[in-house]
Amino acid sequence: MDFLTIAMPKGRIFEEAAELMKSAGFQLPEEMEDSRKLIVEVPEENIRFILSKPMDVPVYVEHGVADIGVAGKDVLLEQNRSVMELLDLEISYCYLATAGLPNTQMNDVAPRIATKYPVIATSFYKEKGEQVEIIGLNGSIELAPMIGLADRIVDIVSTGRTLKENGLVEYEKIADITSRLIANPVAYRLKQQRILDLTKRLRQAVEEADV
Ligand SMILES: Nc1ncnc2c1ncn2[C@@H]1O[C@H](COP(=O)(O)OP(=O)(O)OP(=O)(O)O)[C@@H](O)[C@H]1O
Ligand SMILES: O=P(O)(O)OC[C@H]1O[C@H](OP(=O)(O)OP(=O)(O)O)[C@H](O)[C@@H]1O
(Lines give C-alpha, C1' and ligand atoms only; values in the text may rest on other atoms or scores of the structure.)
(Ligands and ions follow the chains in the order given, each with its own letter.)
Protein backbone atom coordinates (compact mmCIF):
# COMPACT_ATOMS: atom_id res chain seq x y z
CA MET A 1 0.00 0.00 0.00
CA ASP A 2 1.07 3.59 -0.60
CA PHE A 3 2.58 5.60 2.18
CA LEU A 4 0.34 8.25 3.65
CA THR A 5 2.46 11.40 3.50
CA ILE A 6 1.98 13.85 6.36
CA ALA A 7 3.47 17.35 6.27
CA MET A 8 4.50 18.37 9.78
CA PRO A 9 5.61 21.89 10.72
CA LYS A 10 9.02 22.22 12.28
CA GLY A 11 9.38 24.74 15.10
CA ARG A 12 6.79 25.74 17.67
CA ILE A 13 3.94 23.50 16.55
CA PHE A 14 6.03 20.38 16.08
CA GLU A 15 6.25 19.22 19.67
CA GLU A 16 2.55 19.55 20.44
CA ALA A 17 1.57 17.96 17.13
CA ALA A 18 3.95 15.06 17.76
CA GLU A 19 2.52 14.61 21.29
CA LEU A 20 -0.98 14.49 19.86
CA MET A 21 0.04 11.92 17.25
CA LYS A 22 1.56 9.82 20.01
CA SER A 23 -1.56 10.03 22.16
CA ALA A 24 -3.52 8.93 19.11
CA GLY A 25 -1.37 5.80 19.17
CA PHE A 26 1.06 6.54 16.35
CA GLN A 27 4.63 5.41 16.91
CA LEU A 28 6.92 8.30 16.07
CA PRO A 29 10.60 7.48 15.70
CA GLU A 30 13.04 9.17 18.08
CA GLU A 31 15.01 10.50 15.12
CA MET A 32 12.07 12.68 14.20
CA GLU A 33 12.40 14.81 17.29
CA ASP A 34 16.12 15.11 17.36
CA SER A 35 17.61 15.11 13.89
CA ARG A 36 18.01 17.18 10.76
CA LYS A 37 16.27 14.60 8.57
CA LEU A 38 13.45 16.10 6.54
CA ILE A 39 11.72 12.87 5.50
CA VAL A 40 11.03 10.29 8.17
CA GLU A 41 9.33 7.00 7.36
CA VAL A 42 7.33 4.92 9.81
CA PRO A 43 6.90 1.65 7.91
CA GLU A 44 4.91 -0.01 10.73
CA GLU A 45 2.21 2.63 10.27
CA ASN A 46 2.72 2.98 6.52
CA ILE A 47 3.26 6.68 7.12
CA ARG A 48 5.89 9.09 5.91
CA PHE A 49 6.44 12.48 7.52
CA ILE A 50 7.89 15.45 5.72
CA LEU A 51 9.16 18.24 7.95
CA SER A 52 8.68 21.71 6.59
CA LYS A 53 8.45 25.36 7.60
CA PRO A 54 4.97 26.01 9.07
CA MET A 55 4.10 28.44 6.25
CA ASP A 56 4.92 25.78 3.66
CA VAL A 57 2.73 22.96 4.95
CA PRO A 58 -0.36 24.08 2.94
CA VAL A 59 1.84 24.37 -0.16
CA TYR A 60 2.87 20.71 0.02
CA VAL A 61 -0.70 19.64 0.73
CA GLU A 62 -2.26 21.77 -2.02
CA HIS A 63 0.17 20.31 -4.55
CA GLY A 64 -0.59 16.80 -3.36
CA VAL A 65 2.98 15.85 -2.49
CA ALA A 66 1.68 15.54 1.06
CA ASP A 67 -1.75 13.92 1.55
CA ILE A 68 -2.44 15.65 4.82
CA GLY A 69 -0.68 18.12 7.10
CA VAL A 70 -0.77 20.22 10.24
CA ALA A 71 -1.05 23.97 9.76
CA GLY A 72 -1.82 27.01 11.91
CA LYS A 73 -5.17 28.65 11.18
CA ASP A 74 -3.24 31.91 10.73
CA VAL A 75 -1.36 30.38 7.81
CA LEU A 76 -4.59 28.98 6.33
CA LEU A 77 -6.35 32.35 6.58
CA GLU A 78 -3.40 34.11 5.03
CA GLN A 79 -2.91 31.72 2.13
CA ASN A 80 -6.48 30.58 1.35
CA ARG A 81 -5.28 27.46 -0.49
CA SER A 82 -7.33 24.64 -1.99
CA VAL A 83 -7.05 22.28 0.96
CA MET A 84 -9.70 20.71 3.18
CA GLU A 85 -9.75 21.48 6.86
CA LEU A 86 -10.51 18.20 8.64
CA LEU A 87 -10.03 18.83 12.32
CA ASP A 88 -9.21 21.52 14.87
CA LEU A 89 -6.31 19.98 16.77
CA GLU A 90 -6.70 22.57 19.53
CA ILE A 91 -2.93 22.93 19.89
CA SER A 92 -0.53 25.90 19.63
CA TYR A 93 -3.18 28.38 20.69
CA CYS A 94 -2.49 32.04 20.06
CA TYR A 95 -4.43 34.88 18.47
CA LEU A 96 -4.01 37.55 15.83
CA ALA A 97 -4.38 41.12 16.98
CA THR A 98 -3.59 44.70 16.12
CA ALA A 99 -1.19 46.52 18.41
CA GLY A 100 0.77 49.74 18.62
CA LEU A 101 2.16 52.38 20.94
CA PRO A 102 -0.24 53.20 23.79
CA ASN A 103 -2.70 56.08 23.45
CA THR A 104 -2.00 56.70 19.79
CA GLN A 105 -4.41 57.28 16.94
CA MET A 106 -3.69 55.91 13.51
CA ASN A 107 -2.41 58.48 11.07
CA ASP A 108 -5.48 60.00 9.33
CA VAL A 109 -3.99 60.28 5.88
CA ALA A 110 -2.06 57.12 5.21
CA PRO A 111 -1.98 54.78 8.19
CA ARG A 112 0.75 52.17 7.91
CA ILE A 113 0.37 48.61 9.14
CA ALA A 114 3.40 46.36 9.53
CA THR A 115 2.78 42.62 9.38
CA LYS A 116 3.79 39.16 8.30
CA TYR A 117 0.10 38.65 7.37
CA PRO A 118 -0.68 41.10 4.53
CA VAL A 119 -3.84 39.31 3.35
CA ILE A 120 -5.38 39.09 6.83
CA ALA A 121 -4.42 42.68 7.64
CA THR A 122 -5.82 44.02 4.37
CA SER A 123 -9.16 42.29 4.81
CA PHE A 124 -9.41 43.28 8.49
CA TYR A 125 -9.00 47.00 7.74
CA LYS A 126 -11.11 46.77 4.59
CA GLU A 127 -14.01 45.42 6.63
CA LYS A 128 -13.61 48.34 9.00
CA GLY A 129 -13.70 50.67 6.01
CA GLU A 130 -10.20 51.96 6.70
CA GLN A 131 -7.72 52.44 3.92
CA VAL A 132 -4.22 51.47 5.00
CA GLU A 133 -0.79 50.90 3.58
CA ILE A 134 0.56 47.44 4.38
CA ILE A 135 4.26 47.10 5.10
CA GLY A 136 5.38 43.49 4.84
CA LEU A 137 7.97 42.30 7.35
CA ASN A 138 9.29 38.84 8.12
CA GLY A 139 9.73 38.99 11.88
CA SER A 140 10.35 41.25 14.89
CA ILE A 141 7.17 43.00 13.81
CA GLU A 142 6.95 44.83 17.15
CA LEU A 143 9.90 46.97 16.10
CA ALA A 144 7.84 48.79 13.48
CA PRO A 145 5.75 51.12 15.69
CA MET A 146 8.67 51.62 18.06
CA ILE A 147 10.89 53.10 15.41
CA GLY A 148 8.23 54.96 13.47
CA LEU A 149 7.81 52.58 10.56
CA ALA A 150 4.13 51.87 11.22
CA ASP A 151 1.11 53.08 13.21
CA ARG A 152 -0.06 49.59 14.00
CA ILE A 153 1.05 45.99 13.61
CA VAL A 154 -1.01 42.91 12.89
CA ASP A 155 0.69 40.00 14.59
CA ILE A 156 0.39 36.89 16.71
CA VAL A 157 -0.02 37.31 20.46
CA SER A 158 0.50 34.36 22.75
CA THR A 159 1.62 35.26 26.27
CA GLY A 160 1.62 38.99 25.48
CA ARG A 161 5.20 39.20 26.68
CA THR A 162 6.69 40.59 23.48
CA LEU A 163 4.16 43.44 23.38
CA LYS A 164 4.65 44.20 27.08
CA GLU A 165 8.44 44.17 27.04
CA ASN A 166 8.43 46.55 24.11
CA GLY A 167 5.93 48.98 25.58
CA LEU A 168 3.17 48.20 23.09
CA VAL A 169 -0.52 47.60 23.69
CA GLU A 170 -3.10 45.49 21.96
CA TYR A 171 -5.92 47.33 20.19
CA GLU A 172 -8.18 44.80 18.48
CA LYS A 173 -8.38 41.04 18.50
CA ILE A 174 -8.74 39.68 14.97
CA ALA A 175 -9.01 35.89 15.33
CA ASP A 176 -8.29 33.00 17.65
CA ILE A 177 -5.71 30.63 16.20
CA THR A 178 -5.08 26.91 16.69
CA SER A 179 -3.49 24.30 14.46
CA ARG A 180 -5.64 22.33 12.04
CA LEU A 181 -5.40 18.99 10.27
CA ILE A 182 -5.70 19.64 6.53
CA ALA A 183 -5.96 17.36 3.51
CA ASN A 184 -5.46 17.45 -0.21
CA PRO A 185 -8.96 16.98 -1.74
CA VAL A 186 -7.83 14.35 -4.27
CA ALA A 187 -5.87 12.39 -1.66
CA TYR A 188 -8.92 12.62 0.57
CA ARG A 189 -10.94 10.76 -2.03
CA LEU A 190 -8.25 8.26 -3.01
CA LYS A 191 -7.07 7.46 0.50
CA GLN A 192 -10.32 8.20 2.27
CA GLN A 193 -10.41 5.23 4.61
CA ARG A 194 -6.91 5.83 5.94
CA ILE A 195 -7.42 9.57 6.29
CA LEU A 196 -10.77 9.11 8.04
CA ASP A 197 -9.23 6.56 10.38
CA LEU A 198 -6.34 8.87 11.24
CA THR A 199 -8.71 11.81 11.73
CA LYS A 200 -10.89 9.73 14.04
CA ARG A 201 -7.91 8.70 16.15
CA LEU A 202 -6.70 12.28 16.35
CA ARG A 203 -10.19 13.55 17.20
CA GLN A 204 -10.30 11.12 20.10
CA ALA A 205 -6.89 12.30 21.30
CA VAL A 206 -8.04 15.93 21.09
CA GLU A 207 -11.17 15.10 23.11
CA GLU A 208 -9.13 13.21 25.71
CA ALA A 209 -6.75 16.17 26.01
CA ASP A 210 -9.80 18.40 26.67
CA VAL A 211 -10.85 16.63 29.86
N1 LIG B 1 3.77 32.95 20.07
C2 LIG B 1 3.60 32.52 18.83
N3 LIG B 1 4.19 33.18 17.82
C4 LIG B 1 4.09 32.75 16.56
N5 LIG B 1 3.37 31.66 16.18
C6 LIG B 1 2.74 30.98 17.15
C7 LIG B 1 2.82 31.37 18.51
N8 LIG B 1 2.13 30.48 19.22
C9 LIG B 1 1.63 29.59 18.36
N10 LIG B 1 1.96 29.89 17.09
C11 LIG B 1 1.64 29.09 15.89
O12 LIG B 1 2.88 28.60 15.41
C13 LIG B 1 3.08 28.92 14.04
C14 LIG B 1 4.49 29.43 13.80
O15 LIG B 1 5.41 28.54 14.25
P16 LIG B 1 6.94 28.95 14.23
O17 LIG B 1 7.13 30.15 15.09
O18 LIG B 1 7.70 27.72 14.54
O19 LIG B 1 7.14 29.28 12.71
P20 LIG B 1 7.66 30.53 11.95
O21 LIG B 1 6.81 31.72 12.25
O22 LIG B 1 7.79 30.13 10.52
O23 LIG B 1 9.02 30.75 12.65
P24 LIG B 1 10.42 31.12 12.14
O25 LIG B 1 10.25 31.89 10.86
O26 LIG B 1 10.88 31.94 13.30
O27 LIG B 1 11.09 29.79 11.97
C28 LIG B 1 2.09 30.00 13.68
O29 LIG B 1 1.64 29.80 12.36
C30 LIG B 1 0.97 29.85 14.73
O31 LIG B 1 -0.07 29.07 14.21
O1 LIG C 1 2.87 37.00 22.99
P2 LIG C 1 4.21 36.31 22.95
O3 LIG C 1 4.21 35.05 23.77
O4 LIG C 1 5.32 37.22 23.30
O5 LIG C 1 4.42 35.78 21.45
C6 LIG C 1 4.23 36.61 20.34
C7 LIG C 1 5.49 36.83 19.59
O8 LIG C 1 5.96 35.58 19.07
C9 LIG C 1 6.07 35.65 17.65
O10 LIG C 1 7.32 36.02 17.23
P11 LIG C 1 8.48 34.95 17.03
O12 LIG C 1 9.00 34.48 18.34
O13 LIG C 1 7.98 33.88 16.10
O14 LIG C 1 9.62 35.77 16.39
P15 LIG C 1 9.63 36.66 15.08
O16 LIG C 1 9.55 38.05 15.61
O17 LIG C 1 10.92 36.34 14.45
O18 LIG C 1 8.45 36.32 14.20
C19 LIG C 1 5.07 36.75 17.26
O20 LIG C 1 5.36 37.30 16.00
C21 LIG C 1 5.20 37.72 18.39
O22 LIG C 1 6.29 38.58 18.19
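About the thresholds
Residues numbered from 1 in each chain as written. Chains lettered and ligands numbered in written order. Predicted model: local features only at pLDDT ≥ 70, side-chain atom pairs only at ≥ 80, totals over all residues. Heavy atoms only, no water. UniProt positions renumbered as here; feature names shortened; annotations may be inferred. Helix = DSSP H or I, 4+ residues; strand = E, 2+ residues; numbered from the N terminus. Buried < 20%, exposed > 50% of the residue type's maximum accessible area, 1.4 Å probe, protein only. Pairing = 2+ DSSP bridges. Axes fitted to C-alpha atoms, helices over the stretch in contact; angles between N-to-C directions.

The protein chain carries the name ATP phosphoribosyltransferase in an unreviewed UniProt entry, which gives Chryseomicrobium palamuruense as its organism. Heading Subunit (unreviewed entry) of the UniProt record for the protein chain holds this comment: "Heteromultimer composed of HisG and HisZ subunits." Reading the Function (unreviewed entry) entry of the UniProt record for the protein chain gives the comment "Catalyzes the condensation of ATP and 5-phosphoribose 1-diphosphate to form N'-(5'-phosphoribosyl)-ATP (PR-ATP). Has a crucial role in the pathway because the rate of histidine biosynthesis seems to be controlled primarily by regulation of HisG enzymatic activity."

## Here we look at the environment of A110
You can see A110 is positioned in the loop between β6 (94-100) and β7 (112-115). With a relative accessible area of 39%, A110 lands in the partly exposed category. Distance from A110 to P185, taken between C-alpha atoms, is 41 Å for residues 75 residues apart in sequence.

## Observations regarding the sheet that holds strand β4 (residues 68-72)
Pairing is mixed across the open sheet formed by six strands, whose spatial order is β2-β3-β1-β4-β11-β5. Every interior strand has two partners, whereas the edge strands, β2 (39-42) and β5 (84-88), have only one. Sheet twist, expressed as the mean angle between neighbouring strand axes with direction ignored, is 25 degrees. Bridge count for strand β1 (residues 4-9) against β4 is two bridges, and the pairing is parallel. For A7, the partnering residue across the bridge sits in β4 and is G69.

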